[in-house]
Amino acid sequence: MINQAMVKIHVKRGDDSQFLYEATLETPMSDILKDCATIYNGRLKVDRICGEMEELVKHGVSLPPNMQGLTDEQIEELKLKDEWGEKCQPSGGVKFNKDTIGCRNGQAPTPKMAEVLTKTIKEAKDMISKKKVEADVLVTQKTVQDALDILRGAVMIVYPMGLPPHEPIRQEMENTEDLSGKQASLEVIDIEQASLWWAGKELLPNKKLGDFVGKNEKTKIVAKIQKKGHGAPSREPVVSPEEQKNMMAYYYKKQEEMKRLEKEEDDAYMNAEWADQHQLKRQFQGLNNIKWGPR
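Every value quoted in this text rests on a predicted model; they were computed, and no experiment measured them.

Quick look at helix H6 (residues 141-158)
Helical geometry: 3.6 residues make up each α-helical turn, so side chains three or four residues apart lie on a common side. Between its terminal C-alpha atoms H6 stretches 26 Å, which fits the 26 Å expected from 18 residues at 1.5 Å a residue. Listed as buried for H6 are Thr143, Val144, Ala147, Leu148, Leu151, Ala154, Val155 and Val158. The buried residues of H6 occupy an angular sector of 135° when projected down its axis, which confines them to one face. Residues of H6 that are exposed and point over 90 degrees away from its buried face: Lys142, Met156 and Ile157. On its buried side, H6 packs onto helix H1 (29-59), strand S4 (107-109), helix H4 (111-127) and helix H7 (168-173).

Notes on the pairing of strand S7 (residues 219-227)
In this sheet, S7 lies alongside strand S1 (residues 6-13) in parallel orientation, the contact comprising six bridges. Bridge pairing in S7 links Lys12 to Lys224. As judged from the four bridges shared by strand S5 (residues 194-198) and S7, these two strands associate in the antiparallel manner. Residue pairing in the sheet places Ala194 in a bridge with Lys227 of S7.

Overview of the packing of aromatic side chains
The tally for this structure, following the rule as stated, stands at zero aromatic pairs. Directly above the ring of Trp84 sits Lys87, whose terminal nitrogen or CZ lies 4.6 Å from the centroid.

Let's talk about the pairing of strand S2 (residues 16-24)
Relative to S2, S1 is paired through eight bridges, and the arrangement is antiparallel. Opposite Lys8, over in S2, you have Glu22 as the bridge partner.

Brief notes about the sheet that holds S2
Sheet strands associate in pairs through backbone hydrogen bonding, adopting either a parallel or an antiparallel arrangement. Overall, mixed pairing links the five strands, which are arranged S2-S1-S7-S5-S6 in an open sheet. The open sheet has two edge strands, S2 and strand S6 (201-202), and neither has a second partner. Summarising the sheet, S5 and S6 pair through two bridges and their orientation is antiparallel. Looking across to S6, one finds that Trp198 is bridged to Lys201. Here H1 sits on the sheet and contacts S1, S2, S5 and S7; the angle it forms with S2, its principal contact strand, is near 145°.

Quick word on the packing of H1 against H6
Between H1 and H6, the least distance of the axes is 9 Å, while the angle of their chain directions is 20°. Of the possible angle classes, the one that applies to H1 and H6 is roughly parallel. Crossing hand, H1 versus H6: left-handed. Counted together, Asp35, Thr38, Ile39, Gly42, Arg43, Lys45, Val46, Ile49, Cys50 and Met53 of H1 and Gln141, Val144, Ala147, Leu148, Leu151 and Val155 of H6 form the full contact between these two elements. Grouping the amino acids of the contact of H1 with H6 by side-chain chemistry returns 10 nonpolar, three polar and three charged.

Cut-offs used in this document
- Residues numbered from 1 in each chain as written.
- Predicted model: local features only at pLDDT ≥ 70, side-chain atom pairs only at ≥ 80, totals over all residues.
- Heavy atoms only, no water.
- Helix = DSSP H or I, 4+ residues; strand = E, 2+ residues; numbered from the N terminus.
- Expected span 1.5 Å × (residues − 1).
- Buried < 20%, exposed > 50% of the residue type's maximum accessible area, 1.4 Å probe, protein only.
- Arc of directions from axis to C-beta.
- Contact = heavy atoms within 4.5 Å.
- Pairing = 2+ DSSP bridges.
- Phe/Tyr/Trp six-rings, centres within 6.5 Å; stacked < 30°, edge-to-face > 60°.
- Lys NZ or Arg CZ within 6 Å of the ring centre and 35° of its normal.
- Axes fitted to C-alpha atoms, helices over the stretch in contact; angles between N-to-C directions.
- Parallel < 35°, antiparallel > 145°, perpendicular 65-115°, else oblique.
- Left-handed = near helix turned anticlockwise from the far one by under 90°.
- Nonpolar A, V, L, I, M, F, W, Y, C, P; charged D, E, K, R; others polar.

What is shown is where atoms sit, not what they do.
Next comes the structure, spelled out in structure tokens:
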């Protein structure tokens with residue numbers, strides 16, 4: 001079986017690196033667009049879940065929406081009760097830590113269970129980290145799914161009774177989250193509205209990848225993902241910031257070297273006999289070539 005040429009795509013959103021993706025030259029752009037948008041959105045989901053889990057570690061499960069933001073006095077006055085909070089207790093007991101903004105019930109897991117969540121959060125973040133680009137490691141849909149699976153597993157260990165239906169973590173894991181009105185909604189790209197751009201050209205879905213990048217094997221390109229209709233994104237600089245830094249250091253070194261050579265040349269000029277303004281006078285007076293001490 002002949003190996004098909006592969007293209008490595010460094011996917012960015014704006015100027016920010018996202019992940020590395022690989023496809024054959026014969027892969028339809030429609031498949032690549034769908035895959036890249038799914039991975040991109042999946043990484044955002046993992047980040048959102050990790051953020052909520054960090055709050056879960058500190059302050060326990062989310063309060064019902066009608067209790068969020070209220071003071072203890074208001075809750076008592078309105079005779080509101082967090083029935084789900086009583087059902088969804090963390091394994092191993094509770095360590096009370098009041099949530100000052102009133103979004104969570106303050107019944108945090110004990111340090112041992114908190115460590116299970118914290119370690120898993122770090123592992124999941126590392127799996128989909130932008131640093132994978134620097135390490136030349138691909139991030140795939142499976143990578144994202146594996147990260148979601150370990151997060152789900154950690155939550156099940158610490159909360160064997162499950163999480164309340166209004167808990168953002170549960171909603172994210174069940175894909176029932178409502179991001180409307182939140183900053184996160186601006187980051188998500190609908191799969192049908194995704195577009196990829198490379199070298200100032202939109203990679204159209206009705207063509208193959210090879211139609212744009214040619215037939216060279218092991219090609220690597222930087223493509224920018226965004227929503228359709230936003231026009232061409234800014235193009236990548238001709239040289240990278242690191243290359244530019246090295247070039248500036250090189251030219252600075254050359255400039256300093258030229259200054260040193262010019263100074264040495266000036267010094268040599270001033271010390272030359274023919275540049276001595278009193279040379280002619282001494283010659284007439286017979287004072288040239290006078291040396292002190294025995295000959």
